[in-house]
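Overview (structure and organization)
The primary structure of each chain is shown beneath.
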Amino acid sequence: MSSKQRIISLWFLMLAVSYAQSDTIRYQWPVPPLNSSQYLTATFSEYRNTLSSDHFHNAVDIAEPDGNPVYPCINGYVHEIVSSGSNSYVSVRSQHNGLWKRITYLHMVPNPQLSTGSLVTKGQTVLGTIYSGMGHVHLIERELVSSPSSYAVEINNIRPEGGLDPFYDPFTPVIVPSSIQFKVDGQDIYLPSHGLAGKLDIIIRVEERNGTSSSHTNNGTYILGYRVLSSDTSTIVFEPHGDGIKYKFDTKPSNSYVHNVFVDELATLSDPVYYLTNGDGQEYINQTGVVNNNYFDTMLLDEGDYLLEIFSEDTRGNTTHKYFPITITRDDIVPPGFPELLAVVNHNGGNGLTIKWTHNSEPDILGYRLYYSTNTTMSDWALAGDETMLTKDINEYVFESSDDFIAPPGYDVHFFYLAAVDSTGNESTSGDIYARSSYPQQTSYPTALIVDGFDRFGGSGSWNAATHKFATSYFIPLTLADSLIISTCANDAIWGQDISLNDYDMVFWFLGDESTTDKTFSAAEQLFLSQYLENGGSLFVSGSEVGWDLDRSHSASTSTDTLFYRHYLKATLVDDGAANMSTVRGTPGSLFEENIINIGQIYPEDYPDDIDPVNGSSAIMEYNVFRSGTTYRKAGVAYSGTFGEGIEPGRMIYISFPLETVSSINQQTQFLAKALEYFLSPTGVEEDGAIIPDKFSLAQNYPNPFNPATNFKFSLPLKEKVSLKIYDILGREIAVLIDKEMNAGTHEISWDASRLASGAYFAQLRAGKKTESISLMLLK
């Protein structure tokens, strides 16, 4: 969008809000009693985490038994009818003094006698009946606009000057004193009320009430604000712009800012927990829909004791406030930010440990502390090294053995995190948790590197914490599946050349739902991985947005993205996927055919890529959702052979979903055991360097459906007489593609069906006494 377009868009939005603020249209209730006040089970702009993305509630909910009729609140015409299960609705438009009002009635079965343009009468025409299992009507009101087709923002149905009438609410909002928290802005660091310093977020739970039952007592509030008073309450010493009012929900903010209003991981459908300090005032939010990050800056006040007043008001003018004693100090009580742990690497064959990290930027950093845990629950942590060893002047340290730890362990040590310490002794929260194996020096087990490429958190991402322990989601099942010497590093250590991929037999690189903004694989990372595969390495990649990032054009694309994706990850992007792609199973005939994996449990996974194999790879995993006909969406590919200009055969497995979202350790272990079998199984090599497969198989043709050409890929473990034939649905032979003796290996052949009519066909591969068939779909 251009600057001019943004200015025009903002002007129209401000114009629309000016209508909303002067919108005094009142209307009766949509369910009986039509002219009496009723209770609400949800209020406008309260928090919702009931869909794939968290959002603001854009309406009020009015309880009504399933099957009961719903009537228009105002005379008008049917604007739109949508039948979509429980989200079916009827929208009605009405004209008022030359302007247009639209009200939508959601969660009901539309009246089949209505159509677009039908005249409806308030309280008489039945718009529909409450959808089974919903138990309420979701009433959406939009502000007055100049024409029925003009964009109209959603507005509060119980605003003081308009909306549902009559609406009585004698209950005051409730501020929950025990819920108050003070958090350092932008960090997961909490301070006590008697020692506040720096820029702070104030967190509080506030409940709007309009009845006595539980469904009427935990709704979101209308007005919320704060101010700071002198300790005797005689003077207001600080008050945010607009008489201290931070939020006044006349219009709904943009859903992308929902976690700037409601505290992620604390707020729920029934727990309205607010960031009290964000946003630039209620006027700005109502005009723009934007809730910027903000804070309470304690530096604006002198050191000393004060009273924090928090106040709330509902749409009927019922007000409440609470006072909280606070103390502002200039002492350094704010811990530093957590450090970035770059690598936890085996040293001395597993007896020792090398750690690498990135320096913190705070000027008063003294050093770092390394903690370890000996159990998979990672619940008990002991000190391996402190700031006298891990000083601010170094970024790498070697422990020759765990006997060198400050608190030597009695068991094997696998899990580590790093914390920063400043000059006054304040310690940061923990960074990411990494892991390494601890086999003795004389072992000759294969070496493996886990690479943490998942930097995305918050915003529109599925993982919201700044740190994670997802490296352990690969380490634990890998160690259960086989004996490996494992190290862990951040992707930064790869492109920074602190760690060389070529030192490891296998690399397990996970990306979570990292996407276009953060880049899944940078150009530098692509180069290192390409060289690793060309040198004969074995690479495992897990991530839901890799294809979305690399195999399409967008503002952050680089020239090598598609080349790397199609020729080294051996895949093409078919579709962005959807949240219902929640179960993954092995492709029939593949090494993984017995694997079943349920994804999106540790954190939501709403857009796992649908991919296809290309350039010699084979499909190994598929989702539980059909792409078309009987073809399932694909979730993984594998390839054995040479890459690029390399002459050493390498191996690659790429799955288009995050394995760390799986809660079952058994599912993870069984799947990674198959991956290790694929990487470690002995193979023969032909003169041309091709890997000899261990089983006979015919892969699904690609593309499918096709027009007019398609490709077949098949694997032969032995040199045999082979035939590949095409049949129609009546069993008649249509074409003979192969009928000869062929060497063991993986083969590929194309077929042009331009002379045939659209329809279903079958391909049959025969080798010796073994046969396999697949169905094809020609669409012209």
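Everything discussed here concerns the structure shown above.
In this report, the structure presented in the accompanying data block is examined.

Quick look at the sheet that holds strand 42 (residues 631-641) now. The strand order 30-27-26-34-33-35-36-43-42-41-38-39 describes an open sheet built from 12 strands, whose pairing is mixed. One side of each edge strand has no neighbouring strand; the edge strands of this open sheet are strand 30 (396-399) and strand 39 (596-598). Strand-to-strand twist in this sheet, taken as the mean axis angle between neighbours without regard to direction, amounts to 20°. Lying on the sheet, helix 9 (residues 665-680) is in contact with strand 35 (506-510), strand 36 (538-542), strand 39, strand 41 (618-628), strand 42 and strand 43 (650-655); it crosses strand 43 at an angle near 155°.

Attention now goes to unusual backbone geometry. Cis peptide bonds are those with omega within 30 degrees of zero, and the linkage from Pro 32 to Pro 33 qualifies with -5°. One can find Pro 33 in the loop between strand 1 (26-27) and strand 2 (40-42). With an omega of -10°, the peptide bond between Asn 707 and Pro 708 qualifies as cis. Structurally, the position occupied by Pro 708 is in the loop between strand 44 (697-698) and strand 45 (709-716). We note that His 107 has phi near 75°; this positive angle belongs to a residue other than glycine. In this structure, His 107 sits in the loop between strand 9 (99-106) and strand 10 (108-110). Positive phi, normally seen in glycine, also occurs at Gln 497, with a value near 60°. With respect to the helices and strands, Gln 497 occurs in the loop between helix 5 (492-495) and strand 35.

Attention shifts here to the pattern of salt bridges. Summed over the entire model, instances satisfying the criterion amount to 32 salt bridges. Note that Glu 154 and Lys 252 form a salt bridge whose closest N and O atoms lie 3.9 Å from each other. Taken together, the residues span a long stretch of sequence, with Glu 154 in strand 14 (residues 154-155) and Lys 252 in the loop between strand 21 (245-248) and helix 2 (258-261) at a distance of 98 residues. With respect to class, Glu 154 is no different from Lys 252; both count as buried.

This part covers the sheet that holds strand 44. Ordered by their spatial adjacency, three strands build an open sheet running 44-45-48, and the pairing between neighbours is antiparallel. Edge positions in the sheet fall to strand 44 and strand 48 (745-752), since each of these pairs with one other strand and no more. Sheet topology places strand 44 next to strand 45; two bridges connect them, and they run antiparallel. The residue of strand 45 that forms the bridge with Ser 697 is Ser 715.

Procedures and definitions
- Residues numbered from 1 in each chain as written.
- Predicted model: local features only at pLDDT ≥ 70, side-chain atom pairs only at ≥ 80, totals over all residues.
- Heavy atoms only, no water.
- Pairing = 2+ DSSP bridges.
- Helix = DSSP H or I, 4+ residues; strand = E, 2+ residues; numbered from the N terminus.
- Axes fitted to C-alpha atoms, helices over the stretch in contact; angles between N-to-C directions.
- Contact = heavy atoms within 4.5 Å.
- Salt bridge = Lys/Arg side-chain N within 4 Å of Asp/Glu carboxyl O.
- Buried < 20%, exposed > 50% of the residue type's maximum accessible area, 1.4 Å probe, protein only.

All quantities given are derived from atomic positions and should not be read as evidence of function.
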